[in-house]
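Residue strings, one per chain:
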Amino acid sequence: EKLLSYQVAELLYDITVRFTQRYVEPGSRTRDQMDQAARSGSRNIAEGSVFSATSKKLEMNLTNVARASLVELKKDYAAFLRQKKLELWPTADPIRQELIDARFKTADEVAHWGAQVHKRAPGRSAAEIAGNTGHAYCMVAIGLLDRQLVTLAREFKEGGGFSERLHKARSQARGKGQEPPEQ
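Residues numbered from 1 in each chain as written. Predicted model: local features only at pLDDT ≥ 70, side-chain atom pairs only at ≥ 80, totals over all residues. Heavy atoms only, no water.

K.L.:
Just checking my understanding: could you explain the confidence of the model for the protein for this structure?
P.N.:
Note that predicted coordinates carrying low pLDDT should not be read in detail. Confidence in the prediction for the protein averages 90 pLDDT; 89% of positions are at 70 or higher. At the level of individual helices and strands, the protein shows its lowest average pLDDT in helix 7 (residues 162-175), which scores 63, and its highest in helix 5 (residues 107-120), which scores 98. (pLDDT = per-residue confidence, 0-100. Helix = DSSP H or I, 4+ residues; strand = E, 2+ residues; numbered from the N terminus.)

Okay, structure coming up:
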């Protein structure tokens, strides 16, 4: 839960639940898919982190599952905007950048910001702001996970996984005529 990727993904989950409640038909497959993809993103990051000490491979696999879920969610936000004929903000959009730079911690803060943007720029509908907010947070979370996966791969390459480290400790202990350390 200390991982920034987890914190952003958890915020994205909260934002997505609010988004689907407001903009996606109740009981629809899309609503369920978006909610589940957002939930899967944050939960798999947390679960992968739990396995960090014992299995880098499992941690990397779960982090990849989280990433894949958030890529799916990003596509759903983009599809919402496209189908409603709303603009998908380019990465250079100043309001999009304002959102990212604000580093909000709660869905309430994000909602308040969105309402303020709509007042300042009434040409941007609430639906456009909400859809782009979800899309932007997906991009941030995916970017954080990409960096996290690079770090995990490097650590695995340099230090191996738990099994490799345990085998090395056992081999070294046997070479010295000692019992291997207990785990």
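The structure having been displayed, the exposition proceeds.
K.L.:
So what exactly am I meant to see when it comes to the pattern of salt bridges here?
P.N.:
Overall, the coordinates contain 8 salt bridges when judged by the stated rule. Across the pair R67 and D146 runs a salt bridge whose closest N-O atoms are separated by 2.4 Å. You can see R67 sitting in helix 3 (residues 56-83) and its partner D146 sitting in helix 6 (residues 126-159), a full 79 residues away along the chain. (Salt bridge = Lys/Arg side-chain N within 4 Å of Asp/Glu carboxyl O.)

K.L.:
Explanation requested: the environment of A37 in the structure shown.
P.N.:
Secondary-structure assignment places A37 in helix 2 (residues 29-50). By relative accessible area, which is 4% here, A37 ends up buried. Considered as a pair, A37 and A68 are 31 residues apart in the sequence and their alpha carbons are 8.7 Å apart. Those residues within four positions of A37 in sequence are excluded, and the remaining contacts are S69, L70, E72 and L73. (Buried < 20%, exposed > 50% of the residue type's maximum accessible area, 1.4 Å probe, protein only. Contact = heavy atoms within 4.5 Å.)

K.L.:
How should I be thinking about helix 1 (residues 4-23) in this particular structure?
P.N.:
In an α-helix there are 3.6 residues to a turn, and that puts residues three or four apart on one side. With 20 residues, helix 1 should reach 28 Å at 1.5 Å per residue; the first-to-last C-alpha distance of 28 Å fits that figure. By the burial criterion, the buried members of helix 1 are S5, Y6, V8, A9, L11, L12, Y13, I15, T16, F19 and T20. (Expected span 1.5 Å × (residues − 1).)

K.L.:
Whenever I open this one, the nonpolar core confuses me. Can you help?
P.N.:
Looking at soluble globular proteins, one finds that nonpolar side chains tend to be buried together. Counting residues in each nonpolar core, the largest one holds 39 residues, and the members touching the most others are L70, L73, Y77, W113 and Y137. Mapped by element, the contributors of at least two residues to this core are helix 1, helix 2, helix 3, helix 4 (94-102), helix 5 and helix 6. Considering each element in turn, this core owes the most residues, 10 residues, to helix 6. Not counting residues within four places of it along the chain, the set of residues in contact with W113 comprises W89, I95, E98, L99, F104, I129 and T133. (Core = buried A, V, L, I, M, F, W, Y, C linked by side-chain atoms within 4.5 Å.)

K.L.:
Hey, could you run me through helix 2 in this one?
P.N.:
In this model, helix 2 (22 residues) spans 31 Å end to end at C-alpha, consistent with the 32 Å of a helix rising 1.5 Å per residue. Residues of helix 2 that are buried include every one of R31, M34, D35, A37, A38, G41, S42, N44, I45 and G48, and no others.

K.L.:
In this structure, what is going on with the packing of helix 1 against helix 5? I would like to understand it.
P.N.:
Two quantities define a packed helix pair, namely the angle between the helix axes and the distance between the axes. In the contact formed by helix 1 and helix 5, the axes pass within 9 Å of each other and the chain directions differ by 55 degrees. Taken together, the axis directions place helix 1 and helix 5 in an arrangement best described as oblique. When the axes of helix 1 and helix 5 are compared, the crossing they make is right-handed. Touching L11, D14, I15 and R18 of helix 1 are A107, D108, V110 and A111, all from helix 5. Partitioning the contact of helix 1 with helix 5 into residue classes produces 5 nonpolar, no polar and 3 charged. (Axes fitted to C-alpha atoms, helices over the stretch in contact; angles between N-to-C directions. Parallel < 35°, antiparallel > 145°, perpendicular 65-115°, else oblique. Left-handed = near helix turned anticlockwise from the far one by under 90°. Nonpolar A, V, L, I, M, F, W, Y, C, P; charged D, E, K, R; others polar.)

K.L.:
So what exactly am I meant to see when it comes to the packing of aromatic side chains here?
P.N.:
Centre distance and the angle of the planes are the two values used to describe a pair of aromatic rings. As enumerated under the stated definition, the model contains 5 aromatic pairs in all. An aromatic cluster is built from F19, Y23, Y77 and F80, whose rings are joined through pairwise contacts. (Phe/Tyr/Trp six-rings, centres within 6.5 Å; stacked < 30°, edge-to-face > 60°.)

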